[in-house]
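Reading the structure
Given next are the chains, with one letter for each unit.
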Amino acid sequence: MPSDELFLVRLRKTENLRSRGIDPYPRSYHRTHTATEAVEQFELAEVSGEGEAETDEVSIGGRIIGMRGMGRVTFCDILDGSGKVQAMFRSNALGDAYETLKDLDLGDWIGVSGAMTRTRRGEVTIQASSLAVLCKSLRPLPEKWHGLTDTEARYRQRYLDLIANPEARRVATIRSRMVSAIRRFMDRRGFMEVETPMLVPVPAGGMAHPFETRHNALSRDLFLRIATELHLKRLIVGGIEKVYEIGRIFRNEGIDASHNPEFTTMESYEAFADYNDVMRLVEDLVSTVATEVTGSPIVEYGDQQINFSPTWPRLSLVDQVQKHSGISLTESQTIDSLKAKMRSAGIDTANQVSWAGLVDKLISTAVEPRIVQPTFLVDYPVQVSPLAKRTAHDPRLVERFEAFAAGMEIANAFTELNDPVDQRARFEEQEQLRADLPQEEWDRLDEDFLIAIEHGMPPTGGLGMGMDRLAMLLSGQRTIREVVLFPQMRS
RNA sequence: GGGCCGGUAGCUCAGUUUGGCCAGAGCGUCGGACUUUUAAUCCGGGUGUCCUGGGUUCGAAUCCCAGCCGGCCCA
């Protein structure tokens, strides 16, 4: 237990309360109103009532975040989940209970009962007729005016951030409303929400480095999933024709402004659909969700305005790469030729050892940052898309798109590969690439999944969306750490 | 993995360039005054592993080295 002065003073106050017969940690408190409800009810009564507004007694509960003592009268700002309300304590109204204030500090939880009134300075205030201690706090709050700005403390002790900074509460609320709006949208469209395993024997369905773990009773090594894709497709095989999952996935890779080792995706799969249907789903979903969450399909992001209203442009990936870098992907099919062209275009290729890796790098440096308004880039090289079906016109390309906005990738989708022989060949190629180039990430052959689609998966359009990045866009945040309540930190 | 910036009181920060007069301010806290304040005001008091460990020096928050933690950029 800490021995600093502030802590000891508060412990002493806690004992003072007990010695006066006040339980500093009572079991419950029944409030009749939130802070905001109490204020709004009073303002309504003022408008509709004649003469002086009067309300019945209300009871509110919250944390003291401001205290202004004037001797025989004290004003407190009380914060609850709805907002803030001022409480006024007068010694002649409270009698002995007024002395309780001496043992209260900023940060303590109290309950206040009384009639609402408006003070001389015009603030709607609860005039206390009784005061209840709900929880004595032992540690001080961050400074009242500047709040908590230290980023490290804001991430490690998010509760302090939430208490001190309204912006932290706003961002958390936007994310929550975004997720529920997505859920409502998908449910309205007839998709069924499911949960699939997080502990998997094969970390397949993407190109990512997995977290490893072990189940003792089964005496078996397992991995945390890197994607939900392959299990959701098994459900398509099982006849669940419209299915989705909002879930955490895990990638054992670097941490930066747009990457946290655990993050949330929404993946959906729809039988009898292709990637054109999925594009319409994505633009409808994002514009609907943006409107529900922010009130408008047009979102401010930095100094940009992003308009999510349909219809988003569909642009050929190969054309866009050509346009922005001068490089033709279809004519640069070998590592050496692509690398040479990227180097002469001024792109650093030192860390890339595969054609797929070069393409990733090329898209992320030459194309992605230039896309501000929501855009679909369509038809990707088959080498970077082992789970997508080839296009009818060119077997080197697949029916895949990625959606970009504000220079960020927000969705990735395909017409799903349902030819089990081609899928097995693609997996085998991935395994061969890993054997040859283990320094890069490759997808993994999942035999159990192959058996599933060998039973027949209907034509299917699939989608993956990054929830964290969408939350960044809708809340105007520049780093993923701001939209994840408890981001991963060192030691 | 590399570069740059930062870490000083519970919180927000100054002091580091140019080593000593340097352990500082505000908020909070403690004592006192005050019955309509709202960053309340007024009077008075104590804030401390200057991130950690070495080194240089008569003397280090300040200079040097190593490390830890955070941020930004690059890979």
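Up top is the structure.
All residue numbers refer to position in the chain's written sequence, counted from 1. Written order decides the labels, with chains lettered from A and ligands numbered from 1. For this predicted model, a pLDDT threshold of at least 70 governs which residues receive local features, and a threshold of 80 or more governs which side-chain atom pairs are given and counted, while totals over whole chains, interfaces and linings are taken from all residues. Processing note: side-chain calculations cover all non-hydrogen atoms of the structure and skip hydrogens and water entirely.

This paragraph deals with the pattern of salt bridges. Between Lys or Arg on one side and Asp or Glu on the other, a salt bridge is scored when a side-chain nitrogen of the former is within 4 Å of a carboxyl oxygen of the latter. One pass over the structure, following the stated rule, counts 37 salt bridges. Residue glutamate 99 pairs with lysine 102 through a salt bridge whose shortest N-O separation is 2.7 Å. Burial classes follow relative accessibility: with a 1.4 Å probe on protein chains only, a residue under 20% of its type's maximum area counts as buried, one over 50% as exposed, and anything between as partly exposed. Here glutamate 99 falls in the partly exposed class, since its relative accessible area comes to 29%. Note that glutamate 245 and arginine 225 form a salt bridge whose closest N and O atoms lie 2.9 Å from each other. Here glutamate 245 is found in strand β10 (residues 242–250), whereas its partner arginine 225 is found in the loop between β9 (220–224) and α7 (229–237), with 20 residues between them in sequence. For the pair glutamate 245 and arginine 225, a shared accessibility class is recorded, and that class is buried. By sharing partners, the salt bridges in this structure join Arg10, Lys13, Asp105, Asp108 and Lys136 into a single network. Helix and strand assignments follow DSSP, with helices taken as H or I runs no shorter than four residues and strands as E runs no shorter than two, numbered in order from the N terminus.

This part is about the side chain of arginine 469. Within the secondary structure layout, arginine 469 lies in helix α14 (residues 467–475). Buried within the structure, arginine 469 lacks any salt-bridge partner; glutamate 409 is the closest side chain of opposite charge, at an N-O distance of 4.5 Å. Setting aside its immediate chain neighbours within four residues, arginine 469 contacts Ser258, His259, Met408 and Glu409. Positive residues here are Lys and Arg, negative ones are Asp and Glu, while His and the chain termini are left out of the count. Note on definitions: a residue-residue contact is assigned when non-hydrogen atoms from the two residues lie within 4.5 Å.

Pairing between the strands of a sheet is mediated by backbone hydrogen bonds and can be parallel or antiparallel. DSSP-based pairing: two strands are paired if at least 2 bridges between them are found. The eight strands are arranged β6-β10-β11-β18-β17-β16-β15-β14 in an open sheet whose pairing can be described as mixed. Bordering the open sheet on either side are β6 (192–193) and β14 (314–316), each of which pairs with just one other strand. Two elements, strand β11 (residues 262–271) and strand β18 (residues 460–466), share seven bridges in a ladder whose sense is antiparallel. Counterpart to threonine 265 in the pairing with β18 is glycine 466. Interaxial angles span 0 to 180 degrees and are taken between N-to-C directions of axes, which are lines fitted to C-alpha atoms, for helices over the stretch in contact. Contacts from α7 reach β10, β11, β17 (408–415) and β18 within the one sheet, and its direction differs from that of β11 by about 25°.

To be near a molecule or strand, a residue needs just one of its heavy atoms within 4 Å of it. Contacts to RNA strand B come from 42 residues, most closely from Lys13, Arg121, Glu123, Lys144 and Glu152. Looking at the surface near RNA strand B, the elements with two or more residues in it are α1 (5–19), β1 (58–69), β2 (73–80), β3 (83–90), α3 (91–94) and α4 (151–156).

Here we take up the environment of isoleucine 65. You can see isoleucine 65 is positioned in strand β1. Judged by relative accessible area, isoleucine 65 falls into the partly exposed class, the value being 22%. For the pair isoleucine 65 and glutamine 423, spaced 358 residues apart in sequence, the C-alpha to C-alpha distance is 60 Å. Once residues lying within four places of it in the same chain are set aside, the contact partners of isoleucine 65 are Asp77, Leu79, Lys84, Leu106 and Leu141.

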